[in-house]
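Each chain, written out:
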Amino acid sequence: MVFSSHIFLLYFLPAFLLLYFLVPAKWRNAVLLLASVVFYAWGAPDFVLVLLGSTVANFYIVKAMDKARNLKTKRLWCAAALTVSLGLLAYFKYANFFVDNVNALLTTLGLGVMSWTKVLLPIGISFFTFQSVSYVVDTYRGVNRPMKSLVDYVVYIIMFPQLIAGPIVRYSEIADQISARRRLRWDECLQGFYRFVIGLSKKVLIADVIGRTVDVTLGGDLAALDMGTAWITLAAYTMQLYFDFSGYSDMAIGLGRIMGFKFPENFDNPYVSTSVTEFWRRWHITLGAFMRNYLYIPLGGNRCGKRRMYLNLWVVFLLSGLWHGAGWNFVLWGAYHGFFLVIERMTGWGRSDGGRFKVLRVLLNFVVVMIGWALFRIEDLGQCWIFMGRLFSFSFGPIGIGVSSQYYVTLIAALAFSFVTLLPFGRKLQQWTFCTDYRGGQHIAVWVVACLLFFFCTGALGATDFSPFIYFRF
């Protein structure tokens, strides 16, 4: 079940919210838990017991870790909890990749291949694994106490708004909100609805419209693309990915606000960055924070000399690439970004805001990020190199043949929205759009606009069956 579907928008969500608001406060977590199980089981019924089993196991392992009387025992319990979470992730996400590469090596050596039944990837496994890991490690470090209620813990791990694609939420960030007795305020519920509709519109009215043409183009003969079409397609995918993922995050944050939770922001205008370093402070913010707190700093961060720091950065982004997908293109994508991060750290480029050359640096960085997205999108490396070649082929042909004008209008609008904060009034316009303090007549105006957008989105969904969430597969 995806947020941008009629089954969710017209049936699941209204039924859930009606029950959620009607029951006494002490029962709201139980309702949220039941709804989250149904939500996950709808899309992955074969894995719901694995999800619940690993979550319950970790709850009791962490409690045992907290009660341990010596450091060695505590470390053993911590290792056991991490093994449960990361072991499942390694098996479901990387077993096929490992076996495929071993078989490729065996074939090269003229030896027999391993027989293997392909493992299906449970949706959202990376996100609920990272959330579980953060809870285990933070409890071990003393950042938070272990939770007392099993229901509250399972709700924290599998809460349906952010279960599938984040944002990644540390328990310490919502510890006071996870209580079943949290208060609900109607003004915050309305603000949550507005934020949800913004995300839904980004997904349905922009990402999906662009994505249909992108998929057709990249699924065809890449060698036949001229240079102009290749760059337009890459720019379109760059917009599709951003509006798809940031739209999901907006919807998750909005749903959380309706239910009384305040999830962390996940995007902050990433394409106006003047460096790759700044880009990663603005793109998928909660993943960046996770990698910094649980990987980069434990590796030594920047406290162990420059050479080791550069190695740490590169290793973190190699693993970040592998986290996004079990494929060599993702590893190369991570190495690509790691390379630029190291270069920027060595030269000081990443610490500069660009000054009077800011717009030029933004455009240069945007091109660098776009080329990286080609690695991210085209998993077959042979096809990826062909596409890269077309980007710099200097062969031009007629643009727009067989492509609807809606595609180009939407792409131009997406580009304008992505760079609007570079304009003097852009930041104020965005702040008003994402305002959380509407008053009086503003609420009425925004409510009307939000309702109109909601109806436009549901109508658009009825006209197509194309509405995949890109990050569901990660």
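Just so it is clear, the structure is predicted and the values come from calculations on it, not from any experiment.

### Structural notes on the overall build of the protein
Stage number 1. A tally of helices and strands in the protein yields 19 helices and zero strands.
Stage number 2. For 474 residues, the compact-globule estimate of 2.2 N^0.38 gives 23 Å, and the protein sits close to it at 23 Å.
Stage number 3. The dimensions of the protein, computed from C-alpha atoms along their principal axes, are 65 × 65 × 50 Å.
Stage number 4. Put simply, the protein has 474 residues, and 54% of those count as buried.
Stage number 5. Nonlocal contacts in the protein, meaning residues at least 24 apart in sequence, comprise 76% of its contacts between residues at least 6 apart.
Stage number 6. Summing over all exposed atoms, the protein offers an accessible surface of approximately 22000 Å²; the carbon and sulfur share of this is 67%.
Stage number 7. Here the protein carries 42 positive and 24 negative side-chain charges, and the mean point of each set is 11 Å from the other.

### Notes on the environment of S85
Stage number 1. On the secondary structure map, S85 appears in helix α4 (residues 71-108).
Stage number 2. Since its relative accessible area comes to 7%, S85 is described here as buried.
Stage number 3. Distance in space between the C-alpha atoms of S85 and R281 is 27 Å, their sequence separation being 196 residues.
Stage number 4. Beyond its immediate chain neighbours, meaning those up to four positions away, S85 contacts N58, T129, S132 and V133.

### Points about the environment of R439
Stage number 1. Considering the arrangement of structural elements, one finds R439 in the loop between α18 (426-433) and α19 (441-462).
Stage number 2. Classification of R439 as exposed rests on a relative accessible area of 57%.
Stage number 3. Along the chain, R439 and D187 lie 252 residues apart, while their C-alpha atoms are 9.2 Å from each other.

### A closer look at helix α1 (residues 6-22)
Stage number 1. The first and last C-alpha atoms of α1 sit 23 Å apart over 17 residues, in line with the 24 Å expected at 1.5 Å per residue.
Stage number 2. Along α1, the sharpest kink reaches roughly 35°, centred on F12 and followed within four residues by the proline P14.
Stage number 3. Turning to α1, its buried residues number three or more, namely F8, L9, F12, L13, F16, L17 and Y20.
Stage number 4. Contacts from the buried residues of α1 go to α2 (28-43), α7 (160-163), α9 (186-218), α10 (227-258) and α19.

### Considering the nonpolar core
Stage number 1. One finds F8, F160 and W373 to be the most contacted residues of the largest nonpolar core, which totals 141 residues.
Stage number 2. At 18 residues, α10 tops the list of elements feeding residues into this core.
Stage number 3. In contact with F8, not counting residues within four places along its chain, are M1, V2, F3, L13, P14, F39, F160, F196 and L255.

### Topic: a nonpolar patch on the surface
Stage number 1. On the surface, I444, W447, V448, L452 and F456 cluster together to form a nonpolar patch covering roughly 520 Å² of accessible area.
Stage number 2. Along the chain, L452 falls in helix α19.

### A closer look at the packing of α1 against α2
Stage number 1. Put simply, α1 and α2 touch, their axes get as near as 9 Å, and they point 160° apart. For the element pair α1 / α2, the angle class is roughly antiparallel. Between α1 and α2 the crossing geometry is right-handed. On α2, the residues that touch I7, F8, F12, F16, L19, Y20 and F21 of α1 are R28, V31, L32, A35, V38, F39 and W42.
Stage number 2. Split into classes, the residues belonging to the contact of α1 with α2 amount to 13 nonpolar, no polar and one charged.

### Overview of the pattern of salt bridges
Stage number 1. Enumeration according to the criterion identifies 13 salt bridges in this entry.
Stage number 2. Between K262 and E188 there is a salt bridge, with its nearest N and O atoms 3.8 Å apart. With K262 in the loop between α10 and α11 (276-282) and E188 in helix α9, the pair connects residues that are 74 residues apart, well separated along the chain.
Stage number 3. Looking at K262, the relative accessible area reads 45%, which means it is partly exposed.
Stage number 4. Assessed through its relative accessible area of 16%, E188 is described here as buried.
Stage number 5. Taken together, the shared-partner salt bridges connect R185, D187, E188 and K262 into one network.

### Here's the deal with the packing of α10 against helix α16 (residues 381-391)
Stage number 1. Between α10 and α16, the least distance of the axes is 7 Å, while the angle of their chain directions is 115°. Within the contact between the two elements, α10 uses M227, A230, W231 and L234 and α16 uses F387, R390 and L391.

### Section: the packing of aromatic side chains
Stage number 1. One pass over the full model with this rule turns up 58 aromatic pairs.
Stage number 2. A ring pair is formed by Y40 and F128, whose centres lie 6.3 Å apart and whose planes are at 80°; its orientation type is edge-to-face. Of this pair, Y40 sits in helix α2 while F128 is found in helix α5 (residues 125-141), placing the two residues 88 residues apart along the sequence. When sorted by exposure, Y40 lands in the same class as F128, which is buried.
Stage number 3. Lying over the aromatic face of Y140, K74 brings its terminal NZ or CZ to 5.5 Å of the ring centre.
Stage number 4. If you follow K202 out to its NZ or CZ, it ends over the ring of Y242, 5.6 Å from the centre.

### Quick word on helix α14 (residues 328-347)
Turn by turn, an α-helix covers 3.6 residues, leaving residues three or four places apart pointing in a common direction.
Stage number 1. Over its 20 residues, α14 extends 29 Å from the first C-alpha to the last, a length consistent with the 28 Å expected when each residue adds 1.5 Å.
Stage number 2. Listed in full, the buried residues belonging to α14 are N329, F330, V331, W333, G334, A335, Y336, H337, G338, L341, V342 and E344.
Stage number 3. Backbone geometry just downstream of α14 places G348 in the positive-phi region, at approximately 85°.

### Quick word on unusual backbone geometry
Stage number 1. Located in the positive-phi region is N269, a residue other than glycine, with phi close to 50°.
Stage number 2. Relative to the helices and strands, N269 is located in the loop between α10 and α11.
Stage number 3. Even without being glycine, F394 reaches a positive phi, approximately 55°.
Stage number 4. Structurally, F394 can be placed in the loop between α16 and α17 (405-419).

### So, the side chain of T277
Stage number 1. When you line up the elements, T277 lands in helix α11.
Stage number 2. On the basis of relative accessible area, T277 is assigned to the buried category, the value being 16%.
Stage number 3. A distance of 2.6 Å separates the side chain of T277 from the side chain of E344, its partner in a polar contact.
Stage number 4. Once you skip the residues sitting within four places of it in the chain, T277 turns out to touch L341, E344 and G350.

Cut-offs and rules
Residues numbered from 1 in each chain as written. Predicted model: local features only at pLDDT ≥ 70, side-chain atom pairs only at ≥ 80, totals over all residues. Heavy atoms only, no water. Helix = DSSP H or I, 4+ residues; strand = E, 2+ residues; numbered from the N terminus. Rg over C-alpha atoms; globule rule 2.2 N^0.38 Å. Buried < 20%, exposed > 50% of the residue type's maximum accessible area, 1.4 Å probe, protein only. Contact = heavy atoms within 4.5 Å. Areas by Shrake-Rupley, 256 points an atom, 1.4 Å probe, with all protein chains shown as cover. Lys, Arg positive; Asp, Glu negative; His and termini not counted. Charge placed at Lys NZ, Arg CZ, Asp CG, Glu CD. Expected span 1.5 Å × (residues − 1). Bend = angle between axes of the 7 residues up to and from the residue. Core = buried A, V, L, I, M, F, W, Y, C linked by side-chain atoms within 4.5 Å. Patch = residues over 30% accessible without salt bridge, like charges linked within 9 Å, V, L, I, M, F, W, Y side chains within 5 Å. Salt bridge = Lys/Arg side-chain N within 4 Å of Asp/Glu carboxyl O. Axes fitted to C-alpha atoms, helices over the stretch in contact; angles between N-to-C directions. Parallel < 35°, antiparallel > 145°, perpendicular 65-115°, else oblique. Left-handed = near helix turned anticlockwise from the far one by under 90°. Nonpolar A, V, L, I, M, F, W, Y, C, P; charged D, E, K, R; others polar. Phe/Tyr/Trp six-rings, centres within 6.5 Å; stacked < 30°, edge-to-face > 60°. Lys NZ or Arg CZ within 6 Å of the ring centre and 35° of its normal. Polar contact = N/O pair within 3.5 Å; in protein donor to acceptor, adjacent residues only side chain to side chain.

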